[in-house]
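# Coordinates in review
Each chain, letter by letter, is given below.
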Amino acid sequence: MKAPRFAYARPASIAEALALLEKHGDDARVLAGGQSLVPMLNFRLAAPKVLVDINRIAALSGIKVAKDRVRIGALTRHVELERSADVARHLPLVAAAMPHIAHPAIRNRGTFGGSCALADPAAELPACALALGATFIAAGKKGERRIAAEDFFRGLYATALKVGELLVAAEFPLPKPGYASAFGELARRHGDYAMVGVAVHGSTQGQKFADMRVVFFGVADRPQRAAQFERSLDGRPAAAKTIAAALAELDADLSPRADLHGSAATKLHLAKVLAGRVLKKMEGVAA
Amino acid sequence: MNAPLEAIEISLIVNGERVKRSVPARLNLADFLRNELELTGTHVGCEHGVCGACTVRVDGEIVRGCLMFAAQADGCKVDTIEGLSDSREIEELQSAFVLTNALQCGFCTPGVLMAAQALLRDEPDPTRERIREYLSGNYCRCTGYQAIVDAIEAVAKARVSRNRK
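Fair warning: this is a prediction, and the values are worked out from it, not measured in the lab.

Looking now at the overall build of chain B. Within chain B one finds six helices and five strands. Helices and strands in chain B line up, N terminus first, as β-β-α-β-β-β-α-α-α-α-α. Whereas a compact globule of 165 residues would reach a radius of gyration of roughly 15 Å, chain B reaches 17 Å, a difference of no more than 12%. Reported as C-alpha extents along the three principal axes, the dimensions of chain B are approximately 55 × 35 × 25 Å. Burial status across chain B gives 47% buried among its 165 residues. Long-range pairs, those at least 24 residues apart, make up 60% of the contacts in chain B with a sequence separation of at least 6.

Written as structure tokens, this is what we have:
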């Protein structure tokens, strides 16, 4: 239960980090908050020859609000998101997700970018990024490239990041007027990864659902939008009745695999229960 | 520091004292504190961040000692249960834990005290529900938590009422 041997490097800039990642290629892993990577090392699920510790690269941290977007640096700690007035105001979905992520001591170290780059299928932030239509920014030796959240999560612990690339930030568009969001998850113990979770964003303006994005996590190999369910909400009254009638669509949208938490049927059932509860909490939805 | 190294020179402040060592890159902070500095109040339970027994403070914030490498604490200020105890920062919590019988085997207690002190610093008057939620990352297999919550609540109430006077 100790990490295997590795060599440790602590670059002071993004350029230095990229040089190290390019030089060591597949042998290197980025060490951000370490709250998932270090357990993986201790369990010997990963054994990189080189760890590139990005914790001292100040340019990777921070939350910035611009005219039409919020930029979250990859090294921004969970605790910073949790306490940020800008996040609470502009990205209430992310703010609502934060208390569900592990525990205070973990949130003090764990990072936004680490969580997204790891792409645990039951993690909260990847689902929020997908629901809010975020764009990830990866740096490589040829410069930066932008990857939409839809294209970023590629499967179980798999992302669009290439060997030698570093996730530097994500940009979230500022929600338009009339848009609301809601978040919920079911876990056996507070702070555990979700058995099933859902992140919702969309318009309830004029008592009608529109442009709904309903993203489930913990039910597939990556965060998953429920397309049929969304379609059966859009254009209909933002009311409990609409939600109840649409829930059956989740049979078509989701095909969860059985895991330690329960059978496929249990998870599908829980997804429906949770979606029903969470959507009713959305601002602008009538009882 | 740019070239990857397997042995790292570190210099940090532990419980107010400057410490310099050369450490293997793979050595975690909890093992460093226990084995190099003989600060054995930081306990090592699960070694994957679940149990909370290794909770220490780095630059004022609680972290898992098992999920951080000693090399990463270079230049940092680290406080362990020994430091908080010697400075009497957690004296009231310790007394309340004894009074309410909030520990039995004591394995989790240092981590629980670190977490409780962090909570009361940020939120002086938490509800019982909030105390439970905050301590959800610290496992105790003896007490059933009731007495731990009692102790922390009692200290919070005493501090709040003292500050009102």
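More follows now that the structure is in view.
Take the overall build of chain A next. Of the regular secondary structure elements, chain A holds 13 helices and 14 strands. Seen along its three principal axes, the alpha-carbon backbone of chain A occupies a region of about 60 × 45 × 30 Å. Here chain A holds 287 residues, and 51% of them are scored as buried. Restricting to contacts in chain A with at least 6 residues of sequence separation, those with at least 24 account for 63%.

As a further point, take the interface of chain B and chain A. Accessible area lost upon the coming together of the parts serves often as the stated size of an interface. The partner chain A presents 31 residues to the 28 residues of chain B that form the contact. Class assignment of the residues belonging to the side of chain B that touches chain A gives a composition of 14 nonpolar, eight polar and six charged.

What follows deals with the nonpolar core. Counting residues in each nonpolar core, the largest one holds 147 residues, and the members touching the most others are Val52, Leu93, Ala97, Cys128 and Ala199 of chain A. The element contributing the most residues to this core is helix H4 (residues 109-122) of chain B, with seven residues.

Moving on: the sheet that holds strand E4 (residues 63-65) of chain A. Residue and element names in this part refer to chain A. The five strands are arranged E4-E5-E10-E6-E7 in an open sheet whose pairing can be described as antiparallel. Both outer strands of the open sheet, E4 and strand E7 (143-148), are each paired with one neighbouring strand and no more. Neighbour to neighbour, the strand axes of the sheet diverge by 20 degrees on average, direction disregarded. Pairing geometry for strand E5 (residues 69-73) and strand E10 (residues 166-173), over five bridges, is antiparallel. Directly across from Arg69, in E10, lies its bridge partner Pro173. On top of the sheet, helix H1 (residues 14-24) reaches strand E6 (135-140) and E10; it is set at about 125 degrees to E10, its chief contact.

Let us now look at the pairing of strand E1 (residues 7-14) of chain B. All names here are of chain B. Relative to strand E2 (residues 17-24), E1 is paired through eight bridges, and the arrangement is antiparallel. Residue Ala7 lies in a different strand from E2, and its bridge partner there is Pro24. Here E1 folds back onto E2, and the loop between the two strands holds two residues, one of which, Asn15, carries a positive phi near 50 degrees. As defined by bridge partners, E1 adjoins strand E5 (residues 77-79) across two bridges and the pair is classed as parallel.

Residues and elements named next belong to chain B. Domain annotation for chain B reports domain 1 (7-84) and domain 2 (90-164). A C-alpha centroid distance of 22 Å is found between domain 1 and domain 2. Across the boundary between the two partners, domain 1 contributes 14 residues, which contact 13 residues of domain 2. Elements represented by at least two residues in the side of domain 1 that touches domain 2 include exactly strand E3 (55-58) and helix H2 (81-86). For the side of domain 1 that touches domain 2, the leading source of residues is E3, giving three residues.

A word on the confidence of the model for chain B. Here chain B shows a mean pLDDT of 97. Residues at 70 or above account for 99%. Scored as a whole, the predicted complex attains pTM 0.96, and scored at its interfaces, ipTM 0.95.

Residues and elements named next belong to chain A. Taken together, four strands build an open sheet; the order of strands is E11-E12-E13-E14 and the sheet is antiparallel. Looking at which strands have only one partner, the edges of the open sheet turn out to be strand E11 (179-186) and strand E14 (224-225). Relative to strand E13 (residues 210-217), strand E12 (residues 196-203) runs antiparallel, the two sharing six bridges. Note on E13: the bridge partner recorded for Gly197 is Phe217.

This brings us to the pairing of E5 of chain A. Residues and elements named next belong to chain A. Relative to E5, E4 is paired through three bridges, and the arrangement is antiparallel. Counterpart to Val65 in the pairing with E5 is Val70. The turn joining E4 and E5, which pair antiparallel and follow one another in sequence, is formed by three residues.

For Asp211 of chain A, which is not a glycine, the phi torsion comes out positive at approximately 55 degrees. Here Asp211 of chain A lies in strand E13. C-beta crowding within 10 Å serves as the criterion here: with 15 such atoms nearby, Asp211 of chain A is assigned to the partly exposed category. Although it is not a glycine, Asn15 of chain B sits at a positive phi angle of roughly 50 degrees. Topologically, Asn15 of chain B is positioned in the loop between E1 and E2.

Calculation notes
- Residues numbered from 1 in each chain as written.
- Chains lettered and ligands numbered in written order.
- Predicted model: local features only at pLDDT ≥ 70, side-chain atom pairs only at ≥ 80, totals over all residues.
- Helix = DSSP H or I, 4+ residues; strand = E, 2+ residues; numbered from the N terminus.
- Rg over C-alpha atoms; globule rule 2.2 N^0.38 Å.
- Buried ≥ 20, exposed ≤ 12 C-beta atoms within 10 Å, placed from the backbone.
- Contact = placed C-beta atoms within 7 Å.
- Nonpolar A, V, L, I, M, F, W, Y, C, P; charged D, E, K, R; others polar.
- Core = buried A, V, L, I, M, F, W, Y, C linked by C-beta atoms within 7 Å.
- Pairing = 2+ DSSP bridges.
- Axes fitted to C-alpha atoms, helices over the stretch in contact; angles between N-to-C directions.
- Domains from an automatic or database assignment.
- pLDDT = per-residue confidence, 0-100.

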